Amino acid sequence: AGGAAGRARATVRSAMSFADRVEALLGAPTTTSYAVLAVEVERDRWAHAATAVRDELGLSFFDLLTAVDRAAAGFEVVLRLWSPTDRQALLLRTCCQREDPRVPSLTGVFGGAAWHERATAELFGIGFDGHPDLAPLLLAAGFEGHPLRKDFPLAARAVKPWPGAKEPGESDADLATGRRRRLTAPGIPDWPAS
């Protein structure tokens, strides 16, 4: 009887799309952008969700973990996993606020997460609760700040003009008016023209 029930579950599972299986497992809607399936989970369910998709959906290949600075909306931590047998990929996402930039560590789920979490902690200032050692990894000793945050001042932009014909965010219409204002990098004072 157990064998028949297992075959019945396998038949139902194979009839469901990969997106449907992810949604049923995690209880969260999926989105697709540029042919990549993604799902967002609550921060406190981060490690549970990563474990569930690894164990239940075969997403056993840890590809990448990084973050995106969403400015006032906080940080989005992104994990890309891959199933070698089903040839399916999934982006697992969670968010944390700027005031409390931390998520649970995935080092207990994927050994490869240790390096990625160290890099993300150093470059974005996001803490990973339960990580065995978030020692600096990529930046020079004594480096202050988190250079991939949007509010990190880019000193080179203060002393060297943008090399392009247009400043970032500038349009052709701005060029046509003849009234161009040199933009400054975040964190750099807007000094009066001399």
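As shown above, the structure is provided for reference.
Residues numbered from 1 in each chain as written. Predicted model: local features only at pLDDT ≥ 70, side-chain atom pairs only at ≥ 80, totals over all residues. Heavy atoms only, no water.

Q: So what about unusual backbone geometry? Which residues, and what values?
A: Positive phi values are uncommon outside glycine, yet A71 reaches one of about 55 degrees. Its place among the elements puts A71 in the loop between β3 (61-69) and β4 (75-83). Positive phi is not limited to glycine here, since R87 has a value of about 55 degrees. Secondary-structure assignment places R87 in the loop between β4 and β5 (88-96). (Helix = DSSP H or I, 4+ residues; strand = E, 2+ residues; numbered from the N terminus.)

Q: Quick rundown of the packing of helix α2 (residues 18-26) against helix α3 (residues 46-57)? Include the residues and the values.
A: Taken N-terminus to C-terminus, the directions of α2 and α3 make an angle of 130 degrees; their axes are 10 Å apart at the nearest point. When the interaxial angle is binned, α2 and α3 end up oblique. For the pair α2 and α3, the crossing hand works out as right-handed. Residues F18, R21, V22, L25 and L26 of α2 lie in contact with α3, whose contacting residues are A49, A52, V53, E56 and L57. Residue composition of the contact of α2 with α3, grouped by class: 8 nonpolar, no polar and 2 charged. (Axes fitted to C-alpha atoms, helices over the stretch in contact; angles between N-to-C directions. Parallel < 35°, antiparallel > 145°, perpendicular 65-115°, else oblique. Left-handed = near helix turned anticlockwise from the far one by under 90°. Contact = heavy atoms within 4.5 Å. Nonpolar A, V, L, I, M, F, W, Y, C, P; charged D, E, K, R; others polar.)

Q: Before we move on, could you go through α2 and cite the residues and values that matter?
A: For α2, the full list of buried residues reads F18, R21, V22 and L26. Seen end-on, α2 carries its buried residues on one side only, within an arc spanning 110 degrees. At the C-terminal side of α2, G27 shows a positive phi close to 65 degrees. (Buried < 20%, exposed > 50% of the residue type's maximum accessible area, 1.4 Å probe, protein only. Arc of directions from axis to C-beta.)

Q: Residues and numbers for α3, please.
A: In an α-helix, one turn spans 3.6 residues; hence positions three or four apart end up facing the same way. With 12 residues, α3 extends 16 Å between its outermost C-alpha atoms, agreeing within 8% with the 16 Å of an ideal straight helix rising 1.5 Å per residue. Taken together, the buried positions of α3 are W46, A49, A50, A52, V53 and L57. Looking straight down α3, one finds its buried side chains confined to an arc of 160 degrees; they lie on one side. Here the buried face of α3 lies against α2, β3, β4, β5 and β6 (102-104). Two residues or fewer past α3, G58 is found with a positive phi of approximately 75 degrees. (Expected span 1.5 Å × (residues − 1).)

None of this, on its own, says anything about what the molecule does.
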